[in-house]
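Residue-level structure breakdown
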Amino acid sequence: MTKLETMPSYFIGHGGVGVLNTSRTYLDHYRNQLTLIGEEILSLNPKAVIVTSGHFESPHGQNKIQINVKENTDVAYDYFFKHDDPEVYKLKFDHHGSKAIADELAEYLKDVDKSLLIEKIEKDTDHGVWVPCKLMFREENLPLKFPIISLSTLNPKYNNFNQQINLGISLSKLREMGYIIVNLGMIVHNVYASLNASKVIDQFKNDKYKLGTITNDNFERDFTKEAQDLVSLDNIIERRKMTADLEFNTSSNLRFAHPSLEHFTPFLIFIGTSLNDDSGFTYDINTYDKGMSYASFKFE
């Protein structure tokens, strides 16, 4: 792979399909922000955009990830719960993958991390990617000139913070080879706190969403600030260490923000994608829901 001008890496709060509903005017700032990020990505004309998502995690044990090699990708309606509005099952996003680039990426990752096992699969694009992409890349910019390559996170149930960060480190050099890395999760994602449990309780059969008593009423803003402080650290080694240490930091709001970890692992990978000369940037944050934060960050 040839070294080119260094591209940025992003963490973007992806939201659910409801963020596309323009009647929710309190999300206007967030939607406009994603459009600006998309315009920046388009202006950089990347070889490909490599994405991780809170809705694409490896089903395997540690050290094994999946990469999507499907070329003609469609959207997957993999919503967390069934929506009453049939229109959300008709939405589309015109995009494509690339088997050649996915194969190249797989070989590269095998070379830089001999312990990493990679499984190639064909899948459609999860809503953690295509929903924010509909905001980032407007209809007039479609079809995209570059492919979107989905890469899974490591399975988060092992609480393997260092390994997720190391995956990001393996990806980081791709930024110097024409690739933009976009990690799509949510910096606060507590579904059990965010929804009216009496209406959807049957859909919460898994205890991982049952947090118990939340002792901090401001955990959404407080954990967002914790993440912002990590991104803004100048020392790359300290940034990685402090992020990994969150796993054992009992004073952190992490467990309130993430009773399950799948939407946090893209942030861990994002932290790993930073390079020595990077500055961390936090996009203006003014959008929260109960149990949710729509914060986005960038390394460049």
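- For the chain, the Cofactor (unreviewed entry) comment in UniProt is given as "Zn(2+)".
- UniProt's Sequence similarities (unreviewed entry) comment on the chain is quoted here verbatim: "Belongs to the DODA-type extradiol aromatic ring-opening dioxygenase family."

**Overview of helix 2 (residues 99-112)**
- In this model, helix 2 (14 residues) spans 20 Å end to end at C-alpha, consistent with the 20 Å of a helix rising 1.5 Å per residue.
- Ile101, Ala102, Asp103, Leu105, Ala106, Tyr108 and Leu109 are the residues of helix 2 that are buried.
- Buried residues belonging to helix 2 abut strand 2 (48-53), strand 3 (64-68), strand 4 (117-121), strand 5 (148-150), helix 4 (161-172) and strand 6 (179-185).

**So, the pattern of salt bridges**
- Applying the stated criterion across every chain, the model contains 17 salt bridges.
- With its nearest N and O atoms 3.2 Å apart, the salt bridge here joins Asp74 to Lys92. Of the two residues, Asp74 sits in the loop between strand 3 and helix 2 while Lys92 sits in the loop between strand 3 and helix 2, which places them 18 residues apart along the sequence.
- Ionic pairing is found between Arg175 and Asp278, a salt bridge with its closest N-O pair at 2.7 Å. Taken together, the residues Arg175 in the loop between helix 4 and strand 6 and Asp278 in the loop between helix 10 (265-272) and strand 8 (280-282) connect sequence positions 103 residues apart.
- The exposure class of Arg175 is buried, given its relative accessible area of 0%.

**Section: the nonpolar core**
- The biggest cluster of nonpolar side chains holds 35 residues, and the ones touching the most others in it are Tyr10, Ile12, Ile41, Phe93, Phe137 and Val182.
- Counting only elements with at least two residues in this core, the list comes to strand 1 (9-13), helix 1 (28-44), strand 2, helix 3 (127-136) and strand 6.
- The element contributing the most residues to this core is helix 3, with six residues.
- Leave out the neighbours within four places in its chain, and Val182 touches Tyr10, Ile12, Ile41, Val49, Ile50, Val51 and Thr52.
- The next biggest cluster of nonpolar side chains, apart from the first, holds 24 residues, and it includes Phe161, Val231, Leu261 and Phe299.

**Let's talk about the packing of aromatic side chains**
- Per the counting criterion, the structure on display carries 18 aromatic pairs.
- Taken together, a centroid distance of 6.5 Å and an interplanar angle of 55 degrees make the contact between Tyr79 and Trp130 tilted. Of this pair, Tyr79 sits in the loop between strand 3 and helix 2 while Trp130 is found in helix 3, placing the two residues 51 residues apart along the sequence.
- When its relative accessible area of 11% is taken as the criterion, Tyr79 is described as buried.
- On the basis of relative accessibility, which here comes to 0%, the residue Trp130 falls in the buried class.
- These aromatic residues form a ring-pair network of at least three members: Phe11, Phe161, Phe223, Phe264, Phe267, Phe270, Phe297 and Phe299.
- Against the face of Phe56 rests Lys123, its NZ or CZ located 4.3 Å from the ring centre.

**Digging into the environment of His55**
- Topologically, His55 is positioned in the loop between strand 2 and strand 3.
- The spacing of His55 and Asp78 is 23 residues in sequence and 8.3 Å in space, taken between C-alpha atoms.
- In this structure the side chain of His55 is engaged in a polar contact, spanning 3.4 Å, whose partner is the side chain of His127.

How each quantity is defined
- Residues numbered from 1 in each chain as written.
- Predicted model: local features only at pLDDT ≥ 70, side-chain atom pairs only at ≥ 80, totals over all residues.
- Heavy atoms only, no water.
- UniProt positions renumbered as here; feature names shortened; annotations may be inferred.
- Helix = DSSP H or I, 4+ residues; strand = E, 2+ residues; numbered from the N terminus.
- Expected span 1.5 Å × (residues − 1).
- Buried < 20%, exposed > 50% of the residue type's maximum accessible area, 1.4 Å probe, protein only.
- Contact = heavy atoms within 4.5 Å.
- Salt bridge = Lys/Arg side-chain N within 4 Å of Asp/Glu carboxyl O.
- Core = buried A, V, L, I, M, F, W, Y, C linked by side-chain atoms within 4.5 Å.
- Phe/Tyr/Trp six-rings, centres within 6.5 Å; stacked < 30°, edge-to-face > 60°.
- Lys NZ or Arg CZ within 6 Å of the ring centre and 35° of its normal.
- Polar contact = N/O pair within 3.5 Å; in protein donor to acceptor, adjacent residues only side chain to side chain.

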